[in-house]
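Secondary and tertiary structure notes
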Amino acid sequence: MLPFRPLVFLGLLASAAAPASAQVVSESNREAGHASESRWRVGLAVASREGVYAGEDDRTLVFPNVSYEGERFFWRGVQAGVHLFSREGFVLDGYVAGRFDGIDADDFGIPELAERGIDRRLLEDRDDAADVGMSARWRGAAGELELDARADVTGTSEGYQASLAYRHPFQAGSWQLTPGVGVRWLSSDLADYYYGTLDEEIARGVVRYRPGSATVPNASLTVLRPFAEKWLFIASAEYRRLPSALRDSPLIDRDADGGTTVMVGFSRGF
């Protein structure tokens, strides 16, 4: 296992998770906020992300797990924002969130790229970014439906993403299980930056590949269990299925159909 890049590591020390697991951890922390009257939760977690880029190693990290749920403001790992409107099961939020989908060129595998006809020395880094977005959630007896839209504000990809997710929590004794399914739509700018080849790379002789906009389905499961009054056990897993337009990228591992992220941790309410 390779350690996270410094930028991602610093983000995790601010209670983020692995790049591909940021959304899963945020959802887990949000559920933790609903699970008790505590506004602050502090704990520890370990997250592991399966690499999908050619030659990229899986990544694992232990990190502080901190969240805050207030009447107006919230902080959920890599996401911080404000509740704009809330009434009878409906919540509208505005937020700023980190996007840690980047990869350093040196983290690609030389032989794996060579099999795809690419010299690693000709590649640029794919940088991390920050998004500004809004989300609308409807919660009722049938579960929770969430619509989310966010856009890059750092000029990294200059792209945007829209997602729709459905989750249905249920109790199994002292355990709360929340399975979910969803879909994320990536704009062409966003998908081209992280999964395609860049203009400067093409100018150096790298094959041109632009996947265009893409739809990425996903499935998740979050497990919560309170214990010892204010303590909470948290575990989550998410699988993202890459569509053919992304799997066919010369930057993606030949055997990668999708990526799985797993997180396990605990926190205490204050």
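These figures come from a predicted structure and were not determined experimentally.

1. Topic: the overall build of the chain
Assigned secondary structure in the chain consists of six helices and 13 strands. Taken over 270 residues, the chain has a buried fraction of 51%. Pairs at least 24 residues apart make up 62% of the contacts formed inside the chain by residues separated by at least 6 positions.

2. Describing the layout of surface pockets
As a volume, the second largest pocket reaches approximately 150 Å³. Surrounding the second largest pocket, Thr156, Ser157, Glu158, Asp189, Asp192, Tyr193, Thr197, Leu198, Asp199, Glu200 and Arg210 form its lining. Going through the elements one at a time, helix H4 (188-195) and helix H5 (199-203) are the ones with two or more residues in the lining of the second largest pocket. Examining the composition of the lining of the second largest pocket, we find that three residues originate from one element, H4, more than from any other. Tallied by class, residues from the lining of the second largest pocket come to two nonpolar, three polar and six charged.

3. A look at the nonpolar core
Counting 25 residues, the largest nonpolar core has Leu123 and Leu246 as its most contacted members. At the level of secondary structure, the elements contributing two or more residues to this core comprise H4 and strand E11 (214-227). Considering every element that reaches this core, the biggest residue donor is H4, with five residues. For leucine 246, the residues in contact, after removing those within four places along its chain, are Leu186, Ala191, Tyr195, Pro211, Ala214, Val216 and Ile252. Residues Ala45, Ala47, Phe63 and Leu224 belong to the second largest nonpolar core, which totals seven residues.

4. Focus on a nonpolar patch on the surface
Nonpolar side chains collect at one region of the surface, where Leu44, Val46, Val62, Phe227, Val262, Val264 and Phe266 lie side by side and expose about 510 Å² of accessible area between them. Mapped onto the nonpolar patch, the elements with two or more residues apiece are strand E1 (40-49) and strand E13 (258-269). Of the residues forming the nonpolar patch, the biggest block, three residues, is contributed by E13. If you trace the backbone, leucine 44 turns up in strand E1.

5. Regarding the pattern of salt bridges
Throughout the structure, instances matching the rule amount to 20 salt bridges. Across the pair arginine 99 and aspartate 101 runs a salt bridge whose closest N-O atoms are separated by 3.0 Å. Arginine 99 gets classed as buried once you look at its relative accessible area, which sits at 8%. Linking glutamate 144 and arginine 137 is a salt bridge whose minimum nitrogen-to-oxygen distance equals 3.9 Å. Accessibility assignment for this pair places glutamate 144 and arginine 137 in one class, buried. Three or more residues are tied together by salt bridges with common partners; here these are Glu69, Arg76, Asp93, Arg137, Arg139, Glu144, Glu146 and Arg167.

6. Points about the packing of aromatic side chains
Evaluated as defined, the whole model comprises eleven aromatic pairs. Judged by centre distance (6.0 Å) and plane angle (80°), the ring pair of tryptophan 175 and phenylalanine 233 falls under edge-to-face. Within this pair, whereas tryptophan 175 is found in strand E10 (residues 175-186), its partner phenylalanine 233 is found in strand E12 (residues 231-241), the two being separated by 58 residues in sequence. Relative accessible area serves as the criterion here: at 25%, phenylalanine 233 is assigned to the partly exposed category. Ring geometry for tryptophan 231 and phenylalanine 266: centres 5.7 Å apart, planes at 45°, overall tilted. In this pair, tryptophan 231 sits in strand E12 while phenylalanine 266 sits in strand E13, placing the two residues 35 residues apart along the sequence.

What counts, and at which threshold
What you see as residue numbers is a count from 1 along each chain, following the sequence as written. Only residues with pLDDT of at least 70 get local features here, since the model is predicted, and only at 80 or more are side-chain atom pairs given and counted; chain-wide, interface and lining totals rely on the full set of residues. To obtain the side-chain values, all non-hydrogen atoms of the structure were used and water was disregarded. Helix and strand assignments follow DSSP, with helices taken as H or I runs no shorter than four residues and strands as E runs no shorter than two, numbered in order from the N terminus. Exposure categories follow from relative accessible area, calculated using a 1.4 Å probe and restricted to protein chains: below 20% of the type maximum is buried, above 50% is exposed, and the middle band is partly exposed. Any two residues whose heavy atoms approach within 4.5 Å at even a single point are treated as in contact. Whether a set of points on the 1 Å grid over the protein atoms alone is a cavity depends on a 1.4 Å probe fitting there but being unable to get out, while an open set qualifies as a pocket with protein on both sides within 12 Å along at least five of seven lines; lining residues are those with an atom within 4 Å of a point. Grid points are joined across faces, edges and corners, and a volume is the space filled by probe spheres set on the points. Residues were grouped as follows: Ala, Val, Leu, Ile, Met, Phe, Trp, Tyr, Cys and Pro as nonpolar; Asp, Glu, Lys and Arg as charged; and all remaining residues, including Gly, as polar. Here, the term nonpolar core denotes a set of buried Ala, Val, Leu, Ile, Met, Phe, Trp, Tyr and Cys residues that are joined through side-chain atoms within 4.5 Å. Each patch is built from salt-bridge-free residues with over 30% relative accessible area, joining like charges within 9 Å and nonpolar side chains (Val, Leu, Ile, Met, Phe, Trp, Tyr) within 5 Å. The protein chains shown are the only cover counted for residues, whose accessible areas, like all others here, come from Shrake-Rupley with a 1.4 Å probe. What counts as a salt bridge is simple: a side-chain nitrogen of Lys or Arg found within 4 Å of a carboxyl oxygen of Asp or Glu. For Phe, Tyr and Trp, where Trp contributes only its six-membered ring, two rings pair if their centres lie within 6.5 Å, and the inter-plane angle classes them as stacked under 30 degrees, edge-to-face over 60, or tilted in between.

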